[in-house]
Amino acid sequence: MKTQSPLAFWTRSTIGAWLALAAGTVLAEIPTLTVQVSQPGAVPTQYGVFFEDINYGADGGLYPERIKNRSFEFPEPLLGWKPIVLKDASGEATVETSDPLNSHNPHYLRVKVAKAGHGYGLSNEGFFGMGFQQGQEYEFSVMARCHDASPMKLVVEAVRPNGDRLAISGLTVSAPGWKRYACTLRSASTDPKARLNLLVASPGAVDLDMVSLFPHNTWKNRPNGLRPDLVKWLAEMKPAFLRFPGGCIVEGRDLSKRYQWKNTIGSLDQRRLIINRWNDEFKHRPAPDYFQSFGLGFYEYFQLCEDIGAAPLPILNCGMACQFNTGELVPLNELDPFIQDALDLIEFANGPASSPWGSRRAAMGHPAPFNMRLLGIGNEQWGPQYIDRYERFAKVLKARHPEIQLVSSAGPRLDDDLYQFLWPKLRELKADIVDEHIYASPDYFYKNAFRYDRYQRGGPKVFMGEYAVQSVKVASPDNRNNWECALAEAAFMTGLERNSDVVAMASYAPLFAHVEGWQWTPDLIWMDNLRSFATPNYYVQQLFSLHRGTRVLPVKVNSEETSPTLYASAAWDDMAREVIVKCVNASPNLRVVRLDLAGARKLASEGRAIVLASGNLKAENSLDQPTRIVPREKAFTLRPPELAINLEPYSLTVLRVPVRPRQP
Ligand code: AHR
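Not measured: the values here are computed from a predicted model. (Residues numbered from 1 in each chain as written. Predicted model: local features only at pLDDT ≥ 70, side-chain atom pairs only at ≥ 80, totals over all residues. Heavy atoms only, no water.)

## Here's the deal with the sheet that holds strand β27 (residues 532-534)
Spatially, the three strands line up as an open sheet ordered β25-β26-β27, and their pairing is mixed. A strand with exactly one partner marks an edge of an open sheet, and here the two such strands are β25 (512-514) and β27. Adjacent strand axes in the sheet meet at a mean angle of 20 degrees, parallel and antiparallel pairs treated alike. On top of the sheet, helix α2 (residues 228-235) reaches β25, β26 (525-527) and β27; it is set at about 15 degrees to β27, its chief contact. (Pairing = 2+ DSSP bridges. Helix = DSSP H or I, 4+ residues; strand = E, 2+ residues; numbered from the N terminus. Axes fitted to C-alpha atoms, helices over the stretch in contact; angles between N-to-C directions. Contact = heavy atoms within 4.5 Å.)

Below is the structure:
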């Protein structure tokens, strides 16, 4: 963000001059925004990130494995693979199960080559093709064993869609037992849509499993690491927490497909693959090759939290499958293993390296605890069935781990019957934090920008755990990440922030989407195989998060509007000694607003305004135009005591005013 505008952003009591500029405006019409600088209140709402493996967010996205169906465990075991039979070659490729790698990974590929000729083997198509960058290295690895005594040569090559070669390498499988083999491919040029050919160059038979092609260039250059451009977006938000793994994915269509964290840790070949629930959720957006390899599992999740300074917030299944699907229930007298999973997760995250689950964490490379303090019980559940199950979890967890704050569910929408049933029950149970979800129109969000001003205090805190403005309607494939939606979210967020004593946490949802593979839109960050861009909605989240401050300040907008177009929140930043004011101008007009910093003792002479704006409500960012809507910074000179600010049409403005308050 650079200082760009030469515009004087502020003026002083020479408001008359402003009025002359804003033709037709009279003093009485200028709204006043009063911030009580000497009345610091709650710690501001924590803005975090909601991650779910939807829209190819993990496999095919943040988890940069290039091979689709690397373990041949898809129900159609050769999905993603195609035979290659070059000149003078013959052979057969079959999927076998006898004497597999391990019981969690029961299928493998057997390639029998009668005549090696110019090459016999298979080609993998990747996720919408495979992205290769010129000059970058990729590790090919495979678990393999020879069948006969003779060693088997493998050739691996990355090729463009037209067959041109990007890279080639090879290895020899020499042992009769399962063993890992690896070689490196260096790409001669860039292609987002390449594929990998795996050719067996010797006659005989070879068994192959866990076929992997992994970029060296990962976040922090970790083996099995994450896609760096995507993690960077997250890190640059400085999210207070990271909710994981969802979302409905926690619940599963039925209980056999629920997310089970214990199946996502340890060596990769031990992580039991399951179908992704978004594979066939929407008939209009089928994703038949969408599965969960869990290469990005709970260990990688905790590591990511640590890397980006976000508090972990895992969400666990509470014995209920998705109530939009089967709603399958675990009988109450059979809930203990689910509660035990929660206890074990706490030990995996926080227990000493000598404890049974802490030692699993240590064996993966992290002897120190991850310091988890939040845990969600169920995702978007409702009804007495949920309360019964939450109560049982809470009883055990509160007794054993009072240090952990529990997140409970208020159902899929605000204010409906499910919500009205859940809230009083959760109050009675003295729940810590209640997770509210809302996907609705821009108008709904504007109207609800004041809902928490009227909220009942003194009970559980609110976690606005999933929200996003829908330009058409929920689950419509035509929803857009446009400025209209982002601006309404900003207005709504001023209401969250003003009421930080109630709304403790908030996260937009969903997070990632592949431009060729999404099921749900809108989403915060979009990608293809090599590029990614942040939406205007992302920049709204980022501005609130980066300019959170340390204590909320009371703010009042005194305006004569019958239906408001001006929204504001304010905070004090103890480190910077600045007042932060966030203003949303949801009108098409430039607005002059009088700012009254009540209780401020002395203003410094310079301040900053960070502006996110577009005159076009339908404007969006894209892969080709990623910066159409991005924050711009303006410096301004302060001339106290009376300040007028100039808000651009359709804008979110964050003002940072160096100030010396009387009290804090
Ligand atoms: O964010 C997409 C989905 O919306 C989530 O999985 C679910 O919790 C909600 O219904």
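Following the structure, the description resumes.
## Let's talk about the sheet that holds strand β13 (residues 179-186)
As summarised here, the arrangement of the five strands in space is β6-β7-β15-β10-β13, forming an open sheet in which the pairing is antiparallel. Here the strands that pair on one side only, and so sit at the sheet edges, are β6 (90-96) and β13. The sheet shows a mean angle of 30 degrees between the axes of neighbouring strands, direction not considered. Here seven bridges tie β6 to strand β7 (residues 108-115), and the two strands are oriented antiparallel to one another. Its bridge partner being in β7, A93 is matched across the sheet by V111.

## So, the environment of N448
Along the polypeptide, N448 turns up in the loop between α8 (442-447) and β23 (461-469). Of the residues examined, N448 reaches a relative accessible area of 10% and is grouped as buried. (Buried < 20%, exposed > 50% of the residue type's maximum accessible area, 1.4 Å probe, protein only.)

## Concerning the site of the ligand
What surrounds the ligand is the set E52, G247, C248, W278, N379, E380, Y439, E466, P510 and W520. Contacts to the ligand include Y439, whose side-chain N or O atom sits 2.7 Å from an oxygen atom. Burial of the ligand by the protein chains amounts to 96% of its free accessible area of 280 Å². Within the shell around the ligand, the residues separate by chemical class into five nonpolar, two polar and three charged. (Near = heavy atom within 4 Å. Polar contact = N/O pair within 3.5 Å; in protein donor to acceptor, adjacent residues only side chain to side chain. Areas by Shrake-Rupley, 256 points an atom, 1.4 Å probe, with all protein chains shown as cover. Nonpolar A, V, L, I, M, F, W, Y, C, P; charged D, E, K, R; others polar.)

## Considerations on helix α5 (residues 356-363)
Along α5, the residues that are buried comprise W357, G358 and R361. Buried residues of α5, viewed axially, fall in a sector of 105 degrees; they line one side. Of the exposed residues in α5, those oriented more than 90 degrees away from the buried face are P356 and A363. Those residues of α5 that are buried lie in contact with α3 (298-308) and α4 (336-350). Of the residues flanking the end of α5, it is G365, one or two places downstream, whose phi is positive at about 115 degrees. (Arc of directions from axis to C-beta.)

## Some details on the packing of aromatic side chains
Throughout the structure, instances matching the rule amount to 43 aromatic pairs. Between Y452 and Y455 the ring centres are 4.7 Å apart and the planes differ by 55 degrees, which places this aromatic pair in the tilted class. Each of the two residues, Y452 as well as Y455, counts as buried. The ring of Y108 has R145 sitting right over it, with the charged end atom 5.0 Å from the ring centre. The ring of Y452 carries R451 above its face, with NZ or CZ at 5.2 Å from the centroid. (Phe/Tyr/Trp six-rings, centres within 6.5 Å; stacked < 30°, edge-to-face > 60°. Lys NZ or Arg CZ within 6 Å of the ring centre and 35° of its normal.)

## Here we look at the pattern of salt bridges
Scanning the model with the defined rule gives 41 salt bridges in all. In this structure, the salt-bridge partner of D528 is R531, at a minimum N-O distance of 3.0 Å. The class of D528 is buried, set by a relative accessible area of 10%. Here R632 makes a salt bridge to E648, at a shortest N to O gap of 2.9 Å. (Salt bridge = Lys/Arg side-chain N within 4 Å of Asp/Glu carboxyl O.)

## Thoughts on the nonpolar core
Formed by 130 residues in total, the largest nonpolar core has its most connected members in L375 and M464. If one sorts the elements of this core by residue count, helix α9 (residues 483-498) sits on top with ten residues. Once residues within four sequence positions are removed from consideration, M464 is found in contact with L414, E436, I438, Y452, F492, L496, V503, M505, A506 and S507. L109, F132, L166 and A175 belong to the second largest nonpolar core, which has 37 residues in total. (Core = buried A, V, L, I, M, F, W, Y, C linked by side-chain atoms within 4.5 Å.)

## Describing the side chain of T264
Relative to the elements of secondary structure, T264 occurs in the loop between β16 (241-244) and β17 (274-275). A residue is classified by how much of its surface remains accessible, and T264, at 0% relative accessible area, is buried. Discounting chain neighbours no more than four positions away, the residues touching T264 are Y259, R271, F294, G297, F298 and E300.

## Re the pairing of strand β8 (residues 120-124)
The buried count for β8 comes to five of five residues, which makes it a mostly enclosed element. Pairing of strand β5 (residues 81-85) with β8 involves five bridges; the strand directions are antiparallel. Residue W81 lies in a different strand from β8, and its bridge partner there is N124. Bridge analysis of β8 against strand β14 (residues 191-200) gives five bridges, and the strand direction is antiparallel. Residue Y120 lies in a different strand from β14, and its bridge partner there is V200.

## Some words on the packing of α4 against helix α6 (residues 383-400)
One way to put it is that α4 packs onto α6 with a least axis distance of 10 Å and a crossing angle of 30 degrees. By the angle class used here, α4 and α6 are roughly parallel. In terms of crossing hand, the pair formed by α4 and α6 is right-handed. On α6, the residues that touch F338, I339, A342, L343 and I346 of α4 are R392, F393, V396, L397 and R400. For the contact of α4 with α6, a count of residues per class yields eight nonpolar, no polar and two charged. (Parallel < 35°, antiparallel > 145°, perpendicular 65-115°, else oblique. Left-handed = near helix turned anticlockwise from the far one by under 90°.)

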